[in-house]
Amino acid sequence: MTDWPSAERPPADPGADNRVRLGFERQSVTVRIDQIVPLKTLREGVRESRKYAQIVSSIKAIGLVEAPAVVPNPKNAEQYFLLDGHLRIEVLKQLGIETVECLVANDDETYTYNKRVNRLPPIQEHRMIVRAIERGVTEAVIADALGLEVGSIRARFRLLDGICEETADMLKDTNCSMRVFDILRRMSPMRQIEAADLMIGQNNYSLIFARALLAATPEDQLAAPAKKARKNDLTGPTSQQISRMERELATLQTQVKSVEDSYGIDNLHLTFARGYVAKLLSNARVVRWLSTHRQEYLSEFQRIAEIESIGTVGTLTPQE
């Protein structure tokens, strides 16, 4: 900060407030769970989901990583409205924990926090696990924290075995499943790159598409074990089946081209609509009114507002 001499200091604007407004209070508070009022209802079946199980395991193994965000109820000094961390609070209730340390927000906002965190692509998850193991964290501890089997952690650790570096770099930010990499490693490095380029071009990372690319791969572009497996596999695809898949792929490409002209404007309209709904739900008073008078609308609006991007479907996520 510049130390201005008194004679040279710029004149202060009495109407201006140059202070930076903090989003949270500097000190967290410890709140009883029964003092916290959720501002949204959990969707049916969420307690049976894998994500919920991961949060349970994570809190049991390493405790609460991310503090929930709350705002005081202006009409009741003993209550706090929950802005972020509904799953975490539900898990704490299940575990019988009575108090939790919370961040106190200065704004009455409900949709600004954890939902902005992108899901972790498989390759990034693999690299995270590799770094953790290199630092001495055991597979059992990682598995316990993520709610996975040790064998699953080992599979994620070996995700890029047999995958060439160029292919891994191309797919590092995509959400193709682990089984897609099992298909890719049956191809030669050059064919892996071609297949990755086709998946990116079509924005299709499904296992079915990967299998179709494998079936259409010439014999000389397969990895050695895959060549032997194809030779011994009497149930492998015939030339007629491969031709049919190629025709279906060509038809699919034609259909994709046919909607390109309208896709942009349709996507723009949907994005604006989602943003408008999210803005409405960022007002806690609107959420409380809907919760009281139009509960069925609230759950649908929340589902729309939580869409991270139009046209994509929301493996690893932070505690929510």
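Residues numbered from 1 in each chain as written. Predicted model: local features only at pLDDT ≥ 70, side-chain atom pairs only at ≥ 80, totals over all residues. Heavy atoms only, no water.

**Some details on the overall build of the protein**
What counts here: Strands are runs of DSSP state E lasting at least two residues, helices are runs of H or I lasting at least four, and both sets are numbered from the N terminus onward. Only protein chains enter the accessibility calculation, which uses a 1.4 Å probe; a residue is then buried when its area is under 20% of its type maximum, exposed when over 50%, and partly exposed in between. We get accessible surface area from the Shrake-Rupley algorithm with a probe of 1.4 Å; when it comes to residues, only the shown protein chains can shield them.
Counting its regular elements, the protein contains 13 helices and five strands. Counting all 320 residues of the protein, 32% fall into the buried class. Surface exposure of the protein reaches about 20,400 Å², of which carbon and sulfur atoms provide 53%.

**Notes on the sheet that holds strand β2 (residues 36-38)**
As a reminder, the rule being used: Criterion used throughout: strands pair if DSSP finds at least two bridges between them. For helices, the axis comes from a line fit to the C-alpha atoms of the stretch in contact; other axes are also lines fit to C-alpha atoms, and the angle between any two N-to-C directions lies between 0 and 180 degrees. By the convention used here, residues are in contact when the closest approach between their heavy atoms is within 4.5 Å.
Spatial ordering of the open sheet is given by β1-β5-β3-β4-β2, a layout of five strands whose pairing is mixed. The strands lining the two open edges of the sheet, one partner per strand, are β1 (29-32) and β2. Averaged over all adjacent pairs, the angle separating strand axes in this sheet is 50°, with direction ignored. In terms of strand pairing, β2 meets strand β4 (residues 76-84) through three bridges, oriented parallel. Counterpart to Ile36 in the pairing with β4 is Tyr80. Its contacts with the sheet put helix α2 (residues 86-94) on β2, β4 and β5 (99-104), and the angle it makes with β4 is roughly 120°.

**Let's talk about the nonpolar core**
In plain terms, the rule: Each nonpolar core is a collection of buried residues, namely Ala, Val, Leu, Ile, Met, Phe, Trp, Tyr and Cys, held together in the definition by side-chain atoms within 4.5 Å.
The biggest cluster of nonpolar side chains holds 22 residues, and the ones touching the most others in it are Ile123, Leu160, Leu171, Phe181, Leu184, Met187 and Met199. Elements that contribute at least two residues to this core include exactly α7 (178-184), α8 (189-202) and α9 (207-215). Ranked by residues supplied to this core, first place goes to α9 with five residues. Counting residues in hydrophobic clusters, the runner-up holds 18 residues, among them Val31, Ile36, Ile55 and Leu87.

**Considering a nonpolar patch on the surface**
Test applied: Like-charged residues are merged into a patch within 9 Å and nonpolar side chains (Val, Leu, Ile, Met, Phe, Trp, Tyr) within 5 Å, provided each residue has over 30% relative accessible area and no salt bridge. Salt bridge, as used here: a side-chain nitrogen of Lys or Arg that lies within 4 Å of a carboxyl oxygen of Asp or Glu.
On the surface, a nonpolar cluster with roughly 300 Å² of combined accessible area is contributed by Ile265, Leu268 and Phe272. With respect to the element layout, Phe272 can be found in helix α11 (residues 239-281). Under the relative-accessibility criterion, Phe272 is labelled exposed at 58%.

**Focus on the pairing of β4**
In terms of strand pairing, strand β3 (residues 69-73) meets β4 through five bridges, oriented antiparallel. Bridging from a neighbouring strand, Ala69 pairs with Asp84 of β4. From the end of β3 to the start of β4, which pair antiparallel, there are two residues.

**Topic: the packing of aromatic side chains**
Put simply, the test is: Ring geometry is summarised as follows: Phe, Tyr and Trp rings, the Trp one being its six-membered ring, pair when their centres sit within 6.5 Å, and such pairs are stacked at plane angles under 30 degrees, edge-to-face over 60 and tilted between the two.
Throughout the structure, instances matching the rule amount to one aromatic pair. With a centroid separation of 6.3 Å and an interplanar angle of 45°, the aromatic rings of Tyr297 and Phe301 are classed as tilted. Taken together, the residues span about one helical turn, with Tyr297 and Phe301 both in helix α13 (residues 295-305) at a distance of four residues. Judged by its relative accessible area of 44%, Tyr297 is partly exposed.

**Some words on the pairing of β3**
In terms of residue burial, β3 counts as a mostly covered element, since four of its five residues are buried. By the bridge criterion, two bridges tie β3 to β5 in an arrangement that is parallel. Paired with Val70 across the strands is Val104, a residue of β5.

Read these as layout, nothing more, since geometry by itself doesn't imply function.
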